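Structural overview for review
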Amino acid sequence: MLIDPPIDKLVETVGNKYALVGLLSKRSRTIMEKRHDYLEQENANAITVAAREIVDGKVEGVEEG
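Residues numbered from 1 in each chain as written. Predicted model: local features only at pLDDT ≥ 70, side-chain atom pairs only at ≥ 80, totals over all residues. Heavy atoms only, no water.

**Quick notes on the environment of H36**
With respect to the helices and strands, H36 occurs in helix α3 (residues 36–42). With a relative accessible area of 43%, H36 lands in the partly exposed category. The spatial distance from the C-alpha of H36 to the C-alpha of G22 is 20 Å, given a sequence separation of 14 residues. At 2.8 Å, the side chain of H36 and the side chain of E40 are in polar contact. (Helix = DSSP H or I, 4+ residues; strand = E, 2+ residues; numbered from the N terminus. Buried < 20%, exposed > 50% of the residue type's maximum accessible area, 1.4 Å probe, protein only. Polar contact = N/O pair within 3.5 Å; in protein donor to acceptor, adjacent residues only side chain to side chain.)

Following this line, the structure appears as structure tokens:
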């Protein structure tokens with residue numbers, strides 16, 4: 001279960017829940033393919049890492065507003 005960052009904050013950042021799902025899934029797949037070693041070292045979940053990047057503004061495709 002995703003607790004940090006909260007889903008409400010993610011939806012607010014992206015604009016709507018449908019865009020959030022698409023953005024999270026695309027970024028999570030990229031992280032799993034390219035940063036697999038990092039995930040193992042940090043014992044992190046790709047979705048959590050992607051969600052934190054979205055909230056921090058590190059992912060393109062996030063609505064400004």
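**A few points about the environment of K9**
Along the chain, the position of K9 falls in helix α1 (residues 7–14). Sequence separation between K9 and A19 is 10 residues, and the spatial gap between their C-alpha atoms is 14 Å.

**Brief notes about the nonpolar core**
Core analysis: the biggest nonpolar cluster contains 13 residues, and L20, L24, I31 and I54 have the highest contact counts within it. Going through the elements one at a time, α1, α2 (17–34) and α4 (46–56) are the ones with two or more residues in this core. Take this core: its biggest share by element is 5 residues, from α4. Once residues lying within four places of it in the same chain are set aside, the contact partners of I31 are H36, L39, A46, V49, A50 and E53. (Core = buried A, V, L, I, M, F, W, Y, C linked by side-chain atoms within 4.5 Å. Contact = heavy atoms within 4.5 Å.)

**Thoughts on α4**
Note on helix geometry: an α-helix contains 3.6 residues per turn, so any two residues three or four positions apart are oriented the same way. Of the residues making up α4, those classed as buried are A46, T48, V49, A50, A51, E53 and I54. Here the buried face of α4 lies against α1, α2 and α3. Two to three positions downstream of the cap, the backbone nitrogen of I47 sits 3.0 Å from a side-chain oxygen, assigning the N-cap of α4 to N45.

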